[in-house]
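The lines below spell out each chain.
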Amino acid sequence: MATTILVFDSGLGGLTVFREVVKARPDAHYVYVADDAFFPYNGRAEAELVARVGALMGELIETHRPDLIVIACNTASTLVLPHLRTRFSVPFVGTVPAIKPACAGSRTKRVSVLGTEATVGREYTHALIREFANGSDVKLVGSAKLAGFAEAELYGAPVADDLIAQEIAPCFVDAGGRRTDTVVLACTHYPLLLYRLERLAPWPVTFVDPAPAIARRAADLSGPKAGDAPGSPARIVFTSSRSPSAALGAALARFGLGG
Ligand code: DGL
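Here the structure is a predicted model, which means the values were calculated and not measured.

A.B. asks: What is the right way to read the sheet that holds strand S9 (residues 182–186) from this model?
C.D. replies: Adjacent strands of a sheet pair through backbone hydrogen bonds, lying either parallel or antiparallel. Spatially, four strands are ordered S6-S5-S9-S10 in an open sheet, and the strand pairing comes out parallel. The open sheet has two edge strands with one neighbour each: strand S6 (137–143) and strand S10 (206–208). Strand after strand, the sheet turns through a mean of 20° between neighbouring axes, direction not considered. Of the pairings in the sheet, the one linking strand S5 (residues 110–116) to S9 comprises five bridges and is parallel in character. Of the residues in S9, the one forming a bridge with Leu114 is Leu185.

Structure representation (structure tokens):
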């Protein structure tokens, strides 16, 4: 029996993690779950989010019997992971802001963390900065809109450049002779916009996407590989039960998801 890996996000941002996990474990069977009925998680009360994700996870485990679950969402992981680990015996891999490698790699010691407002406000994120800033000045930049912009891109309705430029502008600090050289992408939706972020950045920076590291962790935890041959076709589940539009269907097919 192939290992079943369930990849979970509030929407389609988790696809940026999913594609890396598939590269690391092509033989596994995948179910991608988008909790689009509740998107965005940003702005939800913490207690509401803990209850929602906990209840949904119980149903998903019952239905899909996964061997491993990847919570491909910073907004959820920075809050609900401890609750999930206490409640369920399935191993979970979370996605949290890559502050440690970003600060270790920054030459100018100016790093920005770009995430949802919820993620940059979480105590979990603040604790990572206290522990791993490594002498860097770390600026937290919360965006209410960027995850929605990334979804729009996949739906075939990309937003204008200036809207994206406005959201990322606070990440770029030029002060005291030191400019930001590293921006942590602390929301799994943002790598979907990477080519636009690179083009719209006022100067070149390293955008840190944690997906390859998460994929390595998922591969380590999911037992011995059965070979390099692809497993059964991956499935996507929308909690809203909607069927994807033609444009979204084409975008999903690029991620190897046929519906
Ligand atoms: N993909 C989610 C994350 O990594 C955020 C989107 C949302 O607000 O639901 O944080």
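A.B. asks: Looking at this model, I keep getting lost on the packing of aromatic side chains. Mind explaining?
C.D. replies: Remark: the centre distance and the inter-plane angle together describe each pair of aromatic rings, the angle taken between the planes. On inspection of all chains with the given rule, the structure shows five aromatic pairs. Residues Phe38 and Tyr41 carry aromatic rings whose centres are separated by 6.3 Å and whose planes lie at 75° to one another, so their mutual orientation is edge-to-face. A residue is classified by how much of its surface remains accessible, and Phe38, at 13% relative accessible area, is buried. By relative accessible area, which is 1% here, Tyr41 ends up buried. Between Phe88 and Phe92, the ring centres sit 6.5 Å apart and the planes meet at 50°, which makes this aromatic pair tilted. We note that Phe88, like Phe92, is buried. Aromatic rings pair up to connect Phe18, Tyr30 and Tyr32 into one cluster. Sitting over the face of the ring of Phe38, Arg44 holds its NZ or CZ atom 3.7 Å from the ring centroid. Its guanidinium or amino end placed over the ring of Phe238, Arg242 lies 4.5 Å from that ring's centre, counting from NZ or CZ.

Rules used in this analysis
- Residues numbered from 1 in each chain as written.
- Predicted model: local features only at pLDDT ≥ 70, side-chain atom pairs only at ≥ 80, totals over all residues.
- Heavy atoms only, no water.
- Pairing = 2+ DSSP bridges.
- Helix = DSSP H or I, 4+ residues; strand = E, 2+ residues; numbered from the N terminus.
- Axes fitted to C-alpha atoms, helices over the stretch in contact; angles between N-to-C directions.
- Phe/Tyr/Trp six-rings, centres within 6.5 Å; stacked < 30°, edge-to-face > 60°.
- Buried < 20%, exposed > 50% of the residue type's maximum accessible area, 1.4 Å probe, protein only.
- Lys NZ or Arg CZ within 6 Å of the ring centre and 35° of its normal.

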